[in-house]
Amino acid sequence: MKAIEGENCLNCGKKLDPSDSFCSQCGQSVSKDSSLTAFLSQFLSDYFTFDSKIFQSVKPLFIRPGFLTLEYLKGKRVSYIPPLRLFIFSSIFFFLLLSILKVEESNASAQLSMDEQFWDQFFESFLPKLFFLLSPLFSLLLALFFRKSGRPLTHFIFSIHFHASIFSIGSIYLILSWLLALVELQLVNFFLAILLAFYLLIYLFMAIRKVYEQKVKQLIWKLPLLGIFYASLVGVSVILLAFFSQ
């Protein structure tokens, strides 16, 4: 949409040229569309860069381990969604999807046992807080195991991208799990969970090997230790969150 000759910017009052799509002084769009569609479009554009960037950024989270981290470290940052924004976007989508599916499951079952109530609270309350805590902690573990192979920024960006991959792959699992539950294929659902967990391990192995340029014989002992330390952090974090949330 172009400006009309003689118009002023609604935000800063600067006079607009007929060729302007955006104000040259404050950058606001000249569009006067006040519909809900325009509002949602602006929201997605401003906060989640809902354009070609999202497709270029989300695809590697599934099939190209370490790619986004390497691209960022090379300085190729404009073509992709910034790491923190990608992490927030993928986590919001995951937990929103989780919340929707849990509500449907709760509606289908009138009574919940104590164990079910605990896990509902865990997934809805503890898990979101847990991941925002674990991402920087995981970067510290990476710094411990690969201190000679990367800078502090490398560890932090890698951790953010890896957790964004967990959320993205986890979102796919939630959808598939829900569909399998509808047709009562619990056994298939169980094997699917194992398969995706195994895939995440392979994904992490390949991502570390690429970003940190590690040899296979180095990762044979480093990756299991990294997993043990990370699992320990998860356990301690769950206990602390449960204690302070009471």
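Above this text is the structure in question.
The structure presented is a predicted model; accordingly, all values stated were derived computationally and were not measured.

Topic: the overall build of the chain
Right, on to step 1. When its secondary structure is counted, the chain shows eight helices and zero strands.
Right, on to step 2. For the chain, the residues scored as buried account for 35% of the 246 residues in total.
Right, on to step 3. Within the chain, contacts between residues separated by at least 24 positions form 63% of all contacts whose residues are at least 6 apart in sequence.
Right, on to step 4. With the model as given, the accessible surface of the chain reaches about 15500 Å², and the carbon-plus-sulfur share is 66%.

With respect to helix α7 (residues 186-211)
The periodicity of an α-helix, 3.6 residues per turn, causes residues three or four places apart in sequence to face the same way.
Right, on to step 1. Over its 26 residues, α7 extends 37 Å from the first C-alpha to the last, a length consistent with the 38 Å expected when each residue adds 1.5 Å.
Right, on to step 2. Taken residue by residue, α7 has Asn189, Leu192, Leu196, Leu200, Tyr203, Leu204, Ala207, Ile208 and Val211 as its buried positions.
Right, on to step 3. Glutamate 213 sits one or two residues past α7 and shows a positive phi near 55°.

Describing the packing of helix α6 (residues 152-182) against α7
Right, on to step 1. It is the contact of α6 with α7, at a shortest axis distance of 11 Å, that shows an interaxial angle of 160°. What the angle tells us is that α6 and α7 run roughly antiparallel. The element α6 and its partner α7 pack so that their crossing is right-handed. In contact with Thr154, Phe158, Phe162, Ser165, Ile166, Ile169, Tyr173, Leu176, Ser177 and Leu180 of α6, α7 contributes Val188, Asn189, Leu192, Ala193, Leu196, Tyr199, Leu200, Tyr203, Leu204, Ala207, Ile208 and Val211.
Right, on to step 2. When grouped by side-chain class, the residues that make up the contact of α6 with α7 number 18 nonpolar, four polar and no charged.

Re α6
Right, on to step 1. Relative to the 45 Å expected for 31 residues at 1.5 Å per residue, α6 spans 45 Å between its end C-alpha atoms, a close match to the ideal helical length.
Right, on to step 2. Looking one or two residues past α6, glutamate 184 carries a phi angle of roughly 60°, positive in sign.

Brief notes about a nonpolar patch on the surface
Right, on to step 1. Taken together, the side chains of Ile172, Ile175, Leu176, Trp178, Leu179, Leu182, Val183, Leu185 and Val188 present a nonpolar region at the surface, about 740 Å² in accessible area.
Right, on to step 2. It is α6 that provides the largest number of residues to the nonpolar patch, a total of six residues.
Right, on to step 3. One can find leucine 179 in helix α6.
Right, on to step 4. Overall, leucine 179 belongs to the partly exposed group, its relative accessible area being 41%.

Comments concerning the packing of aromatic side chains
Right, on to step 1. Considering all chains together, one arrives at 12 aromatic pairs under this definition.
Right, on to step 2. A ring pair is formed by phenylalanine 95 and phenylalanine 167, whose centres lie 5.5 Å apart and whose planes are at 65°; its orientation type is edge-to-face. Of this pair, phenylalanine 95 sits in helix α4 (residues 83-108) while phenylalanine 167 sits in helix α6, and the two are 72 residues apart along the sequence. One exposure class covers both phenylalanine 95 and phenylalanine 167, and it is buried.
Right, on to step 3. Between phenylalanine 145 and phenylalanine 229, the aromatic rings sit 5.8 Å apart at their centres with planes inclined by 75°, giving edge-to-face as the arrangement. Taken together, the positions of phenylalanine 145 in helix α5 (residues 114-145) and phenylalanine 229 in helix α8 (residues 216-244) put the pair 84 residues apart, joining distant regions of the chain.
Right, on to step 4. Taking relative accessible area as the criterion, phenylalanine 229 reaches 40% and is therefore assigned partly exposed.

Definitions and limits used
- Residues numbered from 1 in each chain as written.
- Predicted model: local features only at pLDDT ≥ 70, side-chain atom pairs only at ≥ 80, totals over all residues.
- Heavy atoms only, no water.
- Helix = DSSP H or I, 4+ residues; strand = E, 2+ residues; numbered from the N terminus.
- Buried < 20%, exposed > 50% of the residue type's maximum accessible area, 1.4 Å probe, protein only.
- Contact = heavy atoms within 4.5 Å.
- Areas by Shrake-Rupley, 256 points an atom, 1.4 Å probe, with all protein chains shown as cover.
- Expected span 1.5 Å × (residues − 1).
- Axes fitted to C-alpha atoms, helices over the stretch in contact; angles between N-to-C directions.
- Parallel < 35°, antiparallel > 145°, perpendicular 65-115°, else oblique.
- Left-handed = near helix turned anticlockwise from the far one by under 90°.
- Nonpolar A, V, L, I, M, F, W, Y, C, P; charged D, E, K, R; others polar.
- Patch = residues over 30% accessible without salt bridge, like charges linked within 9 Å, V, L, I, M, F, W, Y side chains within 5 Å.
- Salt bridge = Lys/Arg side-chain N within 4 Å of Asp/Glu carboxyl O.
- Phe/Tyr/Trp six-rings, centres within 6.5 Å; stacked < 30°, edge-to-face > 60°.

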